[in-house]
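Tertiary structure, described
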Amino acid sequence: MQLIQTDPDLSAYLAADEVIDHHHPVVRDTASRLAKSAADSYDYARSAFEFVRDAIPHSQDSGDARVTWRASDVLALGTGICYAKAHALAALLRAEDIPTALCYQSFDVVHGLVAVRFRGSWHRQDPRGNKPGIDAQFSLDGERPAFVPDPAAGECDHPELYAAPHPDVVRALRAASGLPELWATLPTALRAVTPVR
């Protein structure tokens, strides 16, 4: 699959916003702690991925009904669904000047991932969190996501790489008072979005 930047300006994939708030102290502190033991940018990216994948439980797996959407809240509260965990990973990577995009897959609902820019190209990573039957790994040599879509079942990978989280995703996360409500309102498709310039 050919990944498509929705914004031609690579600096957009380093920007902070209300969701990817990588200037927040909890994001900066976490990034600094992870960076201390990293040999280089690649090692840092792998460490940040593994931290978000393993140290922040997926809300559904852990039974935590709280809904997080802002990167700093995901890190501070230690919980989130796939989108929230992707937001946290994007913030940690951007905090260390690694261009990071938000991207999606469609199953019964839309699933959130990130893509990192290394070696002149984008590489998708899925920090959802592992459990029996799911083994997502950080890789620049072939994708190792949590889920592989089945086109025969109407599932798909979306090739678009967004500089900001998709507004349909953010709207659902922000409006939900808890996980049961969120599961009922998660997007099942994504509307086309034009970058704001």
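Because the structure is predicted, anything quoted here is derived from the model rather than measured.

As a further point, take the overall build of the protein. Looking only at helices and strands, the protein has seven helices and six strands in total. Its helices and strands in sequence order give the protein the pattern β-α-α-α-α-α-β-β-β-β-β-α-α, from N to C terminus. The C-alpha radius of gyration computed for the protein amounts to 15 Å, which stays within 12% of the reference 16 Å derived for 197 residues, consistent with globular compactness. Over its C-alpha atoms, taken along the principal directions, the protein stretches across nearly 40 × 40 × 35 Å. Put simply, the protein has 197 residues, and 51% of those count as buried. Of the contacts formed within the protein by residues at least 6 apart in sequence, a portion of 60% connects residues at least 24 apart.

Any empty space left between atoms is shown by rolling a water-sized probe over those atoms. Per the stated rule, a full pass over the model turns up one cavity of 30 Å³ or more. If you add up the space inside the largest cavity, you get close to 30 Å³. Every residue lining the largest cavity is listed: Leu113, Arg124, Gln125, Asp126, Gln137, Glu143, Arg144 and Pro145. Here the lining of the largest cavity is built from residues that sort into two nonpolar, two polar and four charged.

Turning to the nonpolar core, a few remarks are in order. One finds Tyr44, Tyr83, Leu92, Leu93, Leu102, Tyr104 and Leu182 to be the most contacted residues of the largest nonpolar core, which totals 47 residues. Residue assignment for this core shows that the elements contributing at least two residues are α1 (25-36), α2 (41-55), α4 (71-77), α5 (82-95), β2 (100-106), β3 (110-118), α6 (167-175) and α7 (179-185). Considering each element in turn, this core owes the most residues, 11 residues, to α5. Beyond its immediate stretch of four places on either side in the chain, Leu93 contacts Tyr44, Ala45, Ala48, Ile98, Thr100 and Val116. Judged by nonpolar contacts, the second largest core, of 10 residues, contains Leu3, Cys103, Leu113 and Ala115.

In this section: the packing of aromatic side chains. If you walk through the whole model with that rule in mind, you get seven aromatic pairs. For the pair Phe49 and Phe138, a centre-to-centre distance of 5.8 Å together with 50 degrees between the ring planes defines the contact as tilted. In this pair, Phe49 is assigned in helix α2 and Phe138 in the loop between β4 (121-125) and β5 (156-157), connecting sequence segments 89 residues apart. You'll find Phe49 and Phe138 in the same group, each marked buried. Consider the rings of Tyr83 and Tyr104, whose centres lie 6.4 Å apart with planes at 55 degrees: the pair is tilted. Of this pair, Tyr83 sits in helix α5 while Tyr104 sits in strand β2, placing them 21 residues apart in sequence. Overall, Tyr83 belongs to the buried group, its relative accessible area being 2%. What makes Tyr104 buried here is its relative accessible area of 2%. By the ring-pair criterion, three or more aromatic residues cluster together here, those being Tyr42, Phe49, Phe118 and Phe138.

Rules used in this analysis
- Within each chain, residues carry numbers counting from 1 in the order of the written sequence.
- For a predicted model such as this one, the threshold for reporting local features is a pLDDT of at least 70, and the threshold for listing and counting side-chain atom pairs is 80 or more; totals across whole chains, interfaces and linings nevertheless cover every residue.
- Side-chain measures were taken over the full set of non-hydrogen atoms in the model, leaving aside hydrogen atoms and water.
- Runs of E in the DSSP output that reach at least two residues are strands. Runs of H or I that reach at least four are helices, and both are numbered from the N terminus.
- Only C-alpha atoms enter the radius of gyration; for comparison, a globular chain is expected to reach 2.2 Å times N to the power 0.38, where N is the number of residues.
- Burial status follows relative accessibility: with a 1.4 Å probe on protein chains alone, a residue under 20% of its type maximum counts as buried, one over 50% as exposed, and anything between as partly exposed.
- Any two residues whose heavy atoms approach within 4.5 Å at even a single point are treated as in contact.
- Here a cavity is any set of points on a 1 Å grid over the protein atoms alone where a 1.4 Å probe fits but cannot get out, and a pocket is any open set with protein on both sides within 12 Å along at least 5 of 7 lines; a residue lines the site when it has an atom within 4 Å of a point.
- Grid points are joined across faces, edges and corners, and a volume is the space filled by probe spheres set on the points.
- Residues are grouped as follows: Ala, Val, Leu, Ile, Met, Phe, Trp, Tyr, Cys and Pro are nonpolar; Asp, Glu, Lys and Arg are charged; all remaining types, including Gly, are polar.
- Definition of nonpolar core: a set of buried residues of the types Ala, Val, Leu, Ile, Met, Phe, Trp, Tyr and Cys, connected through side-chain atoms within 4.5 Å.
- Two rings belonging to Phe, Tyr or Trp (six-membered ring only in the last case) form a pair when the distance between their centres is within 6.5 Å. Interplanar angles under 30 degrees mark stacking, angles over 60 mark edge-to-face geometry, and anything in between is tilted.

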